[in-house]
Protein chains: 2
Amino acid sequence: MKQPTRTKTRSKAVQSKAPKSKIAQTSDQGLRVPATNFTIEDVANAAGVSVATVSRALRDLPNVAPSTRQKVLDVAQELHYVVDPTASRLAAGKTRTVAVAVPVLDAWYCAKVVAGIEAVLKESDFDLLLYAVTNESERSRFVAGRGAWWRRSDAVILVDICLFEEEAMRLADSGAAVVTIGTELAQFSSVRLDEMNSAREATEHLIAGGHRRIALLKGDPLVGQFRVPLYREQGFFEALADAEIEWVPDLQISGGFSIDGGREAMRALLSLDEPPTAVFAMSDEMAFGALHELQRQGLSAPDDVAIVGFDDHDISEIFGLTTIRQDVEAIGAAAARMALASVSRTGDQSLFEPERVVSPTKLIVRRTS
Amino acid sequence: MKQPTRTKTRSKAVQSKAPKSKIAQTSDQGLRVPATNFTIEDVANAAGVSVATVSRALRDLPNVAPSTRQKVLDVAQELHYVVDPTASRLAAGKTRTVAVAVPVLDAWYCAKVVAGIEAVLKESDFDLLLYAVTNESERSRFVAGRGAWWRRSDAVILVDICLFEEEAMRLADSGAAVVTIGTELAQFSSVRLDEMNSAREATEHLIAGGHRRIALLKGDPLVGQFRVPLYREQGFFEALADAEIEWVPDLQISGGFSIDGGREAMRALLSLDEPPTAVFAMSDEMAFGALHELQRQGLSAPDDVAIVGFDDHDISEIFGLTTIRQDVEAIGAAAARMALASVSRTGDQSLFEPERVVSPTKLIVRRTS
DNA sequence: TTGAAAGCGCTAACAA
DNA sequence: TTGTTAGCGCTTTCAA
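What counts and how
Residues numbered from 1 in each chain as written. Chains lettered and ligands numbered in written order. Predicted model: local features only at pLDDT ≥ 70, side-chain atom pairs only at ≥ 80, totals over all residues. Heavy atoms only, no water. Helix = DSSP H or I, 4+ residues; strand = E, 2+ residues; numbered from the N terminus. Buried < 20%, exposed > 50% of the residue type's maximum accessible area, 1.4 Å probe, protein only. Contact = heavy atoms within 4.5 Å. Areas by Shrake-Rupley, 256 points an atom, 1.4 Å probe, with all protein chains shown as cover. Buried area = accessible area lost by both parts, 1.4 Å probe. Salt bridge = Lys/Arg side-chain N within 4 Å of Asp/Glu carboxyl O. Polar contact = N/O pair within 3.5 Å; in protein donor to acceptor, adjacent residues only side chain to side chain. Nonpolar A, V, L, I, M, F, W, Y, C, P; charged D, E, K, R; others polar. Pairing = 2+ DSSP bridges. Axes fitted to C-alpha atoms, helices over the stretch in contact; angles between N-to-C directions. Parallel < 35°, antiparallel > 145°, perpendicular 65-115°, else oblique. Left-handed = near helix turned anticlockwise from the far one by under 90°. Expected span 1.5 Å × (residues − 1). Least-squares fit on C-alpha atoms with pLDDT ≥ 70 in both. Phe/Tyr/Trp six-rings, centres within 6.5 Å; stacked < 30°, edge-to-face > 60°. Lys NZ or Arg CZ within 6 Å of the ring centre and 35° of its normal. Right-handed = clockwise from strand over helix to strand, strands pointing away. Core = buried A, V, L, I, M, F, W, Y, C linked by side-chain atoms within 4.5 Å.

Enquirer: Help me understand the overall build of chain A, please; the structure alone is not making it clear to me.
Expert: Assigned secondary structure in chain A consists of 15 helices and 12 strands. Buried positions account for 52% of the 369 residues belonging to chain A. Taking contacts inside chain A between residues at least 6 apart in sequence as the whole, the part at least 24 apart equals 71%. Of the roughly 16,400 Å² of accessible surface on chain A, 51% is carried by carbon and sulfur atoms.

Enquirer: What exactly am I supposed to notice about the interface of chain B and chain A here?
Expert: In many reports, interface size means the accessible area that the parts give up when they come together. Listed by partner, the interface residues are 61 residues for chain B and 61 residues for chain A. The contact between chain B and chain A buries some 5,500 Å² in all, and 56% of this surface belongs to carbon and sulfur atoms. Interface area lost by chain B to chain A is led by B:Arg146, B:Arg152 and B:Ile318, which between them contribute 12%. At the surface where chain B touches chain A, the tally comes to 12 salt bridges. A salt bridge links B:Glu138 to A:Lys122, with the nearest nitrogen and oxygen atoms 3.0 Å apart. Remark: the boundary between chain B and chain A carries 28 residue pairs in polar contact (both at pLDDT 80 or more). Residue composition of the side of chain B that touches chain A, grouped by class: 27 nonpolar, 12 polar and 22 charged.

Enquirer: Explanation requested: the sheet that holds strand β12 (residues 361-364) of chain B in the structure shown.
Expert: As a general point, the strands of a sheet are linked pairwise by backbone hydrogen bonds and lie either parallel or antiparallel. Residue and element names in this part refer to chain B. Read from one edge to the other, the open sheet built from 6 strands follows the order β7-β6-β8-β9-β10-β12, with strand pairing classed as mixed. With one partner strand each, in any of the chains shown, β7 (252-254) and β12 form the two edges of the open sheet. Direction aside, the axes of adjacent strands within the sheet are offset by 15° on average. Relative to strand β9 (residues 306-311), strand β8 (residues 278-281) is paired through 3 bridges, and the arrangement is parallel. When the bridges of β9 are listed, Phe280 appears paired with Val308.

Enquirer: Could you clarify how one ought to interpret the packing of helix α3 (residues 40-47) of chain B against helix α5 (residues 66-78) of chain B in this entry?
Expert: A pair of packed helices is characterised by two quantities: the angle between their axes and the separation of those axes. Residue and element names in this part refer to chain B. Relative to each other, α3 and α5 sit at 120°, their axes nearing to 9 Å. Taken as axis vectors, α3 and α5 run oblique relative to one another. As for how α3 packs across α5, the hand of that crossing is right-handed. In contact with Val43, Ala46 and Ala47 of α3, α5 contributes Lys71, Val72, Val75 and Ala76.

Enquirer: Explanation requested: helix α13 (residues 284-296) of chain A in the structure shown.
Expert: Residue pairs spaced three or four apart in an α-helix point in one direction, given the helix's 3.6 residues per turn. All names here are of chain A. Its 13 residues place the ends of α13 18 Å apart at the C-alpha level, agreeing with the 18 Å of an ideal helix rising 1.5 Å per residue. Of all 13 residues making up α13, 11 are buried, and the element is well covered by its neighbours. Restricting attention to buried positions, one finds in α13 the residues Asp284, Glu285, Met286, Ala287, Phe288, Gly289, Ala290, Leu291, His292, Glu293 and Leu294. Where α13 ends, the next residue or the one after it, Gly298, has phi of about 75°, a positive value.

Enquirer: Can you help me understand the relation of the copies chain B and chain A in this one?
Expert: In summary, the two copies of the chain are related to each other by a rotation about an axis coupled with a shift along it. Least-squares fitting of chain B to chain A yields an RMSD of 0.2 Å, with the transformation described by 0.1 Å of translation along the axis and a rotation of 180°. Here the two chains are linked by the operation of a two-fold rotation axis. Identified as the residue of chain B closest to the rotation axis by C-alpha distance is B:Leu129, at 2.3 Å. When the interface residues of chain B are mapped onto chain A, 100% of them are again interface residues, pointing to one common binding face.

Enquirer: Help me understand the packing of aromatic side chains in this model?
Expert: All names here are of chain A. The tally for this structure, following the rule as stated, stands at 15 aromatic pairs over all chains. Arranged with centres 6.1 Å apart and planes meeting at 45°, the rings of Phe142 and Trp149 form a pair that is tilted. Through a chain of ring-to-ring contacts, the aromatic side chains of Phe236, Phe237, Trp247 and Phe280 assemble into a single cluster. When the ring centre of Phe352 is taken as origin, the NZ or CZ atom of Arg345, which lies over that ring, is 4.2 Å away.

Enquirer: How should I be thinking about the pairing of β9(B) in this particular structure?
Expert: In summary, the side chains of a regular strand alternate between the two faces of the sheet. All names here are of chain B. For β9, a buried count of 6 out of 6 residues is recorded, marking the element as mostly surrounded by other parts of the structure. Handedness of the β-α-β unit built from β8, helix α13 (residues 284-296) and β9 comes out right-handed. With 4 bridges connecting them, β9 and strand β10 (residues 322-326) associate as parallel partners. Looking at the pairing, Phe310 lines up with Ile324 of β10.

Enquirer: Would you take a moment to explain the nonpolar core for this structure?
Expert: Most often, soluble globular proteins keep nonpolar side chains buried together rather than apart. Counting 154 residues, the largest nonpolar core has A:Ile157 and B:Ile157 as its most contacted members. When residues no more than four places from it in sequence are discounted, the contact partners of B:Ile157 are B:Val98, B:Ala99, B:Val100, B:Ala101, B:Ile117, B:Val179, B:Ile181, B:Ala335, B:Ala336 and B:Ala339. Core analysis: the second largest hydrophobic core is formed by 39 residues, A:Phe142, A:Ala176, A:Val178 and B:Leu163 among them.

Enquirer: Mind showing me how you'd approach the side chain of A:His313 here?
Expert: Structurally, the position occupied by A:His313 is in the loop between β9 (306-311) and α14 (316-319). Not counting the four nearest positions on each side in its chain, A:His313 is found in contact with A:Trp108, A:Asp284, A:Glu285, A:Phe288 and B:Ile315.

Enquirer: I would appreciate a short explanation of the packing of helix α7 (residues 108-123) of chain A against helix α15 (residues 328-344) of chain A in the present structure.
Expert: Residue and element names in this part refer to chain A. Across the interface, α7 lies against α15 with an axial gap of 7 Å and an inter-helix angle of 45°. The pairing of α7 with α15 is recorded here as oblique in orientation. Like other packed secondary-structure pairs, α7 and α15 cross with a definite hand, here right-handed. Residue-level inspection shows Trp108, Tyr109, Lys112, Val113, Ala115, Gly116, Ile117, Val120 and Leu121 of α7 in contact with α15, the latter providing Val328, Glu329, Gly332, Ala333, Ala336, Arg337 and Leu340. For the contact of α7 with α15, the per-class residue count stands at 11 nonpolar, 2 polar and 3 charged.

Enquirer: Before we go on, may I ask you to explain the pattern of salt bridges in this structure?
Expert: In a structure, side chains of opposite charge can pair up when their charged atoms sit close to one another. Throughout the structure, instances matching the rule amount to 52 salt bridges over all chains. Between B:Arg366 and B:Asp312 there is a salt bridge whose closest N-O contact spans 3.1 Å. A residue pair is termed long-range when its members are at least 10 positions apart, and B:Arg366 in the segment after β12 and B:Asp312 in the loop between β9 and α14 (316-319) qualify at 54 residues. A single network of salt bridges, built from pairs that share partners, joins A:Glu264, A:Arg267, A:Glu293, A:Arg296 and B:Glu317.

Enquirer: What's the story with the sheet that holds strand β6 (residues 214-218) of chain A in this structure? I'm lost.
Expert: All names here are of chain A. Strand order in this open sheet of 6 strands is β7-β6-β8-β9-β10-β12, and the pairing throughout is mixed. Strands with a single pairing partner mark the edges of an open sheet, and in this sheet they are β7 (252-254) and β12 (361-364). Each strand of the sheet is rotated relative to its neighbour by a mean of 15°, with strand direction disregarded. Relative to β7, β6 is paired through 3 bridges, and the arrangement is parallel. Of the residues in β7, the one forming a bridge with Leu216 is Gln252.

Structure below.
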């Protein structure tokens, strides 16, 4: 028969006290948290019950006598006992952790999303594993099959990560609950904006201001299923079409969603034979760069070129930037809630209908238009 | 005798193939990653060796015949086998994870630090658990004893988290390697700026510009051992003293390190009977707020009030803000490297001398001064 | 060089 | 209501 080596040293007689050997190491230092880590077995011995009972009591499961539960709680408290999350995970198969993947960490948008997610997870005592999935190779490693998050998290939230259909299928097979932000895939729950109408509204605002030569400051070339730039583009074009404005290809330029990119793009636009009188930037950060370039050339918005951005970045108000406001933290929070919901659902994840949330946006008119 | 229920179904005869039952579920779908998760035992069976050998082979341990190792590697590859990190942690006691605690997630500074940390951890295949430790109660829960990170991470990096001596001692006892950013504690390795001299340089720059009525835009009231504001303050005062400028208490005001706070503070300063002619803001974001308020009142920098910030935020250049530049990502990266170094060190952590890095800063003169 | 087997600390059937 | 015990999937002596 199996011989419980470790336990053997502990006397059954010890009742409402922790095993002698371990307590000794703690001594009577009062405040200090013991360097020794007690196990569930220590608690069981000290409380005079079985480990199973301790486990139940600590997790508020039914079928534990109130007095027993209290006893266990007291002992655990006294011993500063905390369940080892790793052991718990191994035995129960739950990690109480969600993995979050973002394309960049130090962009305003991503930081806000993560903040929104974290706040919600914290309420449920879930941990957050953070991954920057910056390029193609990182993405495919993360997504296909067993990324680092695998078996370390119950759910994964993809923030503006573009997936190919095949990758999506693999992810769906991974056993984790998946929620996407910014993209929408057949298999997963998602939260996104009504990109098209938001972009259309921004563009219509410019048109209403009398502009007919409007440039589009876009993001990078697309990969996978990251459709955000496409949708915004579509809204932009529809607005033009409705106003019967002819589209000039030269006025479409990429700014890579960055400040620097916006600056470069604006420079290019201004050097055109016939520069635009207005610019719709797909992100506020690109708009900042554009404003900067205007300023450098002694020009200003809206006098020389009107500008509308997208996001309502914390700093946009200072620039007086007209923009489309979105509540990024709320988006993160919503995604986190979906993730928690799927995790707590029992049964095969693929049997549940993906949930879809469209977060509202609002045109904020300021001075640059 | 112990009866291996699960294993029993697998025939010993199966040699260089995975157990029939599991393979069957995968079928011959080619690309799809099998829904079934293989275990080390499956690999062992398929390779015709013991689990111990698989474990050794996979971790590049010595005492494995080259041919055996290759065999194991091949089989593992074929089965898409990936070690379960949880089980591995439980058995080996290493998590390959570091916990990062920041006071806020959506501040420019914190996002950059986290980005720096993440980039380094990724290189070593370490995961990053992210925690926002916003208030006193969260801090004490995180730090004292067994926070959520406990036993889930080998190291913890505290970003501008203020600790009381007692809390630091508990943390030191926790068994995790600890690195602090922004603060310096006796027990832990740290990376910080030369706050005092940086602040002094900023102030001296203002004084050199002829200013004698200089306001100080500080952070919040202090808690624990978060000394950054104190050090910057000290540098500021020393510069004043050196120039024999008398200090006016009214000119010292808190802006909570936020844009809004900076705006409020500037408003208060401007409503003074004798407003300052210059402001040293302890962060660029507060400086942005201050600039905004100036602008609102039809004033500008440096004509009406000169402003110097601290950080060199991505957007500072656009505002033409004179500031103290720090390389925040590098700071995060340095801290991460220290954390990895301590983790890989064997033996009692407390026996090692804490490492201390002071990251350089630089005064960037622009238009606001 | 390899394998057998005892854990790591917990959860969850199943018995009692 | 409580206890016993077989795992969870891996690492690590200790033998062979």
